Amino acid sequence: MSRPTLWSTADMDDDLADAVDVELSMYAQQGQNPAIYDQLGAQIEQLEPLLAIQQHMAALAAVPDVVKSFIVSFHQAILNRDLPSITMFYTTTFPKLTDRFYSRAEWPEPEIIAPLLSSNNATEDQVHIFLVLYRDLYYRHVYSRLQPNIDDRFHSYENSCELFNYLLNSPSSANDESDEPAPVDLVLPEQWLWDIIDEFIYQFQVFCSWRSKVKSKTDDELMMLADGTGVWSSYSVLNVLYSLIQKSKINEYIVALKEEQGKENPRPAEEVAQSISPYTALPLYRTLGYFSVLGLLRVHVLLGDFTLGLKVMDQVGEFLLGGSSFGAKTNKYSFTALPTLPATHISTHYYVGFCYMMLRRYPDAIRTFVTVLNFFQRMQRMRNYSGYERKDQYDQIAKTADRTLALYAMCHSLVLPGSPFTRLDDNITNTAKERYGDQMGRMSRGGSDALVAFEELFLYACPKFINANSPPYDDPEAIALLLNADPADAAEGSSPIPTDPTHRHLRLFLASAGAQSPLPTLRSFLHLYTSLTTEKLSSFLDLVKVNESDKEAVEDAEAEEEAIQEMMVLKQSSKSLSRIVPVQGKVDKGNDASSAGVRAQGSLLAGEMISTSDLNFVIDDNTIHIAESTVGRRYAGWFIKNTERSQRVLDEIRGSPLPRGKIGQKQGVPGQKKPTKTVAWGGAGTRATVDA
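Anyway, here's the lowdown on the structure attached to this text. This one's a predicted model, so the numbers in the text were calculated from it and none came from an experiment.

## With respect to empty space enclosed by the protein
Over the atoms, a rolling probe the size of a water molecule traces out where space has been left empty. This structure, assessed with the given rule, holds five cavities of 30 Å³ or more. The space that makes up the largest cavity amounts to roughly 80 Å³. Lining the largest cavity are Arg135, Asp136, Tyr139, Ser156, Asn159, Ser160, Leu163, Phe164, Ile196, Glu199, Phe200 and Gln203. Contributions of two or more residues to the lining of the largest cavity are made by α6 (124-145), α7 (150-169) and α8 (190-211). Classifying every residue of the lining of the largest cavity gives five nonpolar, four polar and three charged.

Given below as structure tokens:
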């Protein structure tokens, strides 16, 4: 999509253009004198700043007055540290003005609106940081509404580096003689801080995907990519996120909060933050550090390092959604000490659950998906009453939730039938069947159709993986080899074109899912017997042809061996590493366990081997002995919960004052209503008519 320019050369001052033409004509008539041409070039260079000023003035005049007023007020609110006004301008006014004036065009460039900021009596540094923040909004609009070119991609990276360098390495005040960096005095809403981190990673992801497509590049783009090999590199992105985490000391802050929970009189969160570092004391750095941890999880997943992605979440994991998603223990500091944005919860749980799925920890993945999908359903009901989310934000959250539901459907099909993890939440399961019923049916039956369904859902729901390294744009011979390579040879492995990271992870996942495709049929036969021979089982599985008697001896041996191999796969699939483990016996209140009889491990990578199937077997010689254990439903928790609820209702009824009754009054004149009294029991709002 082509973007219209905000100004045109036709709008320049006519007198200035005529002056340039006169000078050119005069010097053209004086012959081929080098000195004259040098003088002409010098005078043209003197006129170029005037031309630029005229162009900026024309572009500024084209800006609507309401946009000018918005920019001035926005700048003043940031100077005054007026957080409510900043939040209103960012979340409401800016999107409305975008839809009204710049839905298909770019916002005015920062250099054009810079003269408007001189009226606020701001210092040069204050104007500069506002222009950096405005430029962040400018490029975010370009990425979301327009098509960025290579200049936009490079300049957005430079602006992001300038913003983070200002936050991390700002010099101390003029009164301080030391050269040590100091925290900046800046106040921004949590939603804006999350969007800064989220957009930074998104632009990195989009650039890596665009950079990997070598054949679509022009000669100018190839030259710029050869000179800018460090632009949007994985090292620079990881360095920014790790620097924000280290500067904010967010992990030390969370550890200190956990220590305060065990005390009788815990200190407030603000006091805990002030005792750690000057950066941690400011909400700006605490929030950026927290969001950087969540962003680091996303980057590691995009790079394909799922173990390291869970490792960086060790301290932060318990604080998401009160800890209920990753463990059984709730956290009373979760909604006060750290930001609580719906987008952060849903996005983070999506990536954590995907890490568990790729590590074949399906019970943990299912628990994570169930929690976040329940949260999204509650958020939908709340949104029906109050539009606290912008439509574009809600659409992005809904899309992530739908992809999470697809991942849940895949994990639900990979867990063996009869597992207690398939009955964690019937409501979520029914929703998944309504949305992906056809795919779930094919995945549960196994076979080749199951792999097609797995591939379809995986390509829809997986993150957009990226290559960590850039193509060798600085090596002309290697680039020429890539440009002349045949894409058809890439599937055979003989092409120099790098393999698509998404399809590489897809092959790894399908290899794991394909090994489990025969298990539903095998399990259905084992359910019919308490003991049977491997020969009979192999005949059930159609591994031999009975009518070919001459090959019976050889094929029987091969078939029995293959049947035993499939049973070993079934045995391995019936056990999984899980962070949530059941607690046997009486639950001790001092332990990290909940009333549901489960206990959560400390780290997201920690866990114990648990059984995920209700079927067990042993092989004695050529005989298979099957033992089936039916997991009964836990009724104790259900009765305790409803008993407590009934007791609360009864206490409320007893504590409510009775109305002034009219019992005992004499009956009035004929035609008059009988006296009534309000009954406090027997249902809310119930009124009974009582005869005198």
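There's plenty left to go through after this.
## Some remarks on the sheet that holds strand β1 (residues 531-533)
Pairing is antiparallel in the open sheet, where three strands are placed in the order β1-β7-β6. Each having just a single partner strand, β1 and β6 (615-620) make up the two edges of the open sheet. On average, each strand axis in the sheet is tilted by 25 degrees relative to the strand beside it, whichever way the strands run. The pairing of β1 with strand β7 (residues 623-628) spans three bridges and is antiparallel. Paired with Thr533 across the bridge in β7 is Thr623.

## Comments concerning unusual backbone geometry
With the exception of glycine, most residues fall at negative phi, and the peptide bonds are largely trans. Unusually for a residue other than glycine, Arg81 sits at a positive phi of about 60 degrees. By the secondary structure assignment, Arg81 is in the loop between α3 (65-80) and α4 (83-101). Owing to a relative accessible area of 42%, Arg81 belongs among the partly exposed residues under this scheme. Look at Lys249: it is not a glycine, yet its phi comes out positive at around 55 degrees. Among the structural elements, Lys249 can be located in the loop between α10 (234-248) and α11 (250-261).

## A closer look at the pattern of salt bridges
Summed over the entire model, instances satisfying the criterion amount to 13 salt bridges. Where Asp198 meets Arg298, a salt bridge forms, and the shortest distance between an N and an O atom there is 2.6 Å. Here the residue Asp198 occupies a position in helix α8, and Arg298 occupies one in helix α13 (residues 283-303), the gap between them amounting to 100 residues. The partner of Arg442 in a salt bridge is Glu456, with the nearest N and O atoms 3.5 Å apart. One end of the pair, Arg442, is in helix α19 (residues 426-445); the other, Glu456, is in helix α20 (residues 448-461), and 14 residues separate them in sequence. With relative accessibility at 16%, the residue Arg442 sits in the buried group. For Glu456, a relative accessible area of 41% corresponds to the partly exposed category. Salt bridges sharing partners connect three or more residues here, namely Asp136, Arg140 and Asp195.

Calculation notes
Residues numbered from 1 in each chain as written. Predicted model: local features only at pLDDT ≥ 70, side-chain atom pairs only at ≥ 80, totals over all residues. Heavy atoms only, no water. 1 Å grid on protein atoms, 1.4 Å probe; cavity = no way out; pocket = protein on both sides within 12 Å on 5 of 7 lines; lining within 4 Å. Points joined across faces, edges and corners; volume = space filled by probe spheres on them. Helix = DSSP H or I, 4+ residues; strand = E, 2+ residues; numbered from the N terminus. Nonpolar A, V, L, I, M, F, W, Y, C, P; charged D, E, K, R; others polar. Pairing = 2+ DSSP bridges. Axes fitted to C-alpha atoms, helices over the stretch in contact; angles between N-to-C directions. Buried < 20%, exposed > 50% of the residue type's maximum accessible area, 1.4 Å probe, protein only. Salt bridge = Lys/Arg side-chain N within 4 Å of Asp/Glu carboxyl O.

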